[in-house]
Amino acid sequence: MLTFTGLCVSALIIAPLLSGCQEDSRASKLDPHRASAVADARLKQAQSNLMATFGQRTPDARTPHDSFDDRQPTLAWTAPLTREDGSSLAPGQISGYRIYYRLKHTRKFDIIPLSDASTTRYPLNGMPPGAYEFSISTVDVDGLESRRSEPVQVNLI
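Residues numbered from 1 in each chain as written. Predicted model: local features only at pLDDT ≥ 70, side-chain atom pairs only at ≥ 80, totals over all residues. Heavy atoms only, no water.

Glancing now at the pairing of strand β3 (residues 74-78). On a regular strand, each side chain points to the face opposite its neighbour's, so the side chains alternate between the two faces of the sheet. With respect to burial, β3 is a largely interior element, four of its five residues being buried. Relative to strand β7 (residues 121-123), β3 is paired through three bridges, and the arrangement is antiparallel. Each residue of the ladder has a partner; that of alanine 76, found in β7, is arginine 121. (Buried < 20%, exposed > 50% of the residue type's maximum accessible area, 1.4 Å probe, protein only. Helix = DSSP H or I, 4+ residues; strand = E, 2+ residues; numbered from the N terminus. Pairing = 2+ DSSP bridges.)

Another point: the nonpolar core. Ile99, Leu124, Met127 and Phe134 are the most contacted members of the largest nonpolar core, which has 17 residues in total. Listing elements by their share of this core, those giving two or more residues are β3, β5 (94-103), β6 (110-114), β8 (130-140) and β9 (152-156). In terms of residues, this core owes the most to one element, β5, which gives four residues. Setting aside its immediate chain neighbours within four residues, phenylalanine 134 contacts Leu75, Ile99, Tyr100, Tyr101, Leu124, Met127, Glu150, Pro151, Val152 and Val154. (Core = buried A, V, L, I, M, F, W, Y, C linked by side-chain atoms within 4.5 Å. Contact = heavy atoms within 4.5 Å.)

Before going further, it helps to examine the side chain of aspartate 140. With respect to the helices and strands, aspartate 140 occurs in strand β8. Residue aspartate 140 is classed as buried on the basis of its relative accessible area, which comes to 2%. Reaching out from aspartate 140, the side chain makes a polar contact with the backbone nitrogen of leucine 144 at a distance of 2.9 Å. (Polar contact = N/O pair within 3.5 Å; in protein donor to acceptor, adjacent residues only side chain to side chain.)

Here arginine 147 is to be found in the loop between β8 and β9. Exposure remark for arginine 147: the relative accessible area of 28% places this residue in the partly exposed category. Measuring from C-alpha to C-alpha, the distance between arginine 147 and serine 137 comes to 5.9 Å, with ten residues separating the pair along the chain.

The buried fraction of β5 amounts to seven of the ten residues, a majority that puts the element mostly inside the structure. In terms of strand pairing, β5 meets β6 through five bridges, oriented antiparallel. By the bridge assignment, arginine 98 is partnered in β6 with proline 113. Where β5 folds back on β6, the antiparallel hairpin that results is connected by six residues.

In this section: the sheet that holds β5. Strand pairing in a sheet relies on backbone hydrogen bonds. The paired strands run either parallel or antiparallel. If you trace the four strands from one edge of the open sheet to the other, you get β6-β5-β8-β9, paired in antiparallel fashion. Here the strands that pair on one side only, and so sit at the sheet edges, are β6 and β9. Taken over all neighbouring pairs, the strand axes of this sheet differ in orientation by 30° on average, direction set aside. Relative to β8, β5 is paired through nine bridges, and the arrangement is antiparallel. Bridging from a neighbouring strand, isoleucine 99 pairs with isoleucine 136 of β8. (Axes fitted to C-alpha atoms, helices over the stretch in contact; angles between N-to-C directions.)

Under the criterion given, the structure shown has four aromatic pairs. Taking the centre distance of 6.4 Å and the plane angle of 50° together, the rings of tyrosine 101 and tyrosine 132 count as tilted. Here tyrosine 101 is found in strand β5, whereas its partner tyrosine 132 is found in strand β8, with 31 residues between them in sequence. Each ring, one from tyrosine 101 and one from phenylalanine 134, has its centre 6.1 Å from the other, and the planes form 25°; the classification is stacked. A residue pair is termed long-range when its members are at least 10 positions apart, and tyrosine 101 in strand β5 and phenylalanine 134 in strand β8 qualify at 33 residues. Note on accessibility: tyrosine 101 and phenylalanine 134 belong to one class, buried. By the ring-pair criterion, three or more aromatic residues cluster together here, those being Tyr101, Tyr132 and Phe134. The ring of tyrosine 100 has arginine 148 lying over it, and the distance from NZ or CZ to the ring centre is 3.7 Å. Residue placement shows arginine 148 over the ring face of phenylalanine 109; its charged tip is 4.8 Å from the ring centre. (Phe/Tyr/Trp six-rings, centres within 6.5 Å; stacked < 30°, edge-to-face > 60°. Lys NZ or Arg CZ within 6 Å of the ring centre and 35° of its normal.)

Take it as geometry only, folks, not as evidence of what the structure does.
What follows is the structure, given as structure tokens:
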């Protein structure tokens, strides 16, 4: 299994665009285990920031990056720029993504395949209400899939 670093996932539920991951140019100079640890730390920080934001933001606390309709629940992520071994991952090497999701009270994950590598947002407004868990993996042009991102908990009302 091929793993990519830098995949950051966040959910936008009645909140502005939240981003917590930016690719670190130093990641390509790290050994594979360190690159993985750096990516994991970034993902955990982004998830922590996201969860702290739910229910905490008010309309007057918006930032300049808040530019789209915040009433539509949306899953958003940043494409990885490196593989776990620290080598570069050009955008042309990504063929798409897989969104794994489940209702928190179930064991089985369903998959939403996305074959457009430029897609980094997925609207959740068509999903039934419930408490969900989402994670995303990257698929390269050779069909190799990364490990899943850290899960994000989302409550759709």
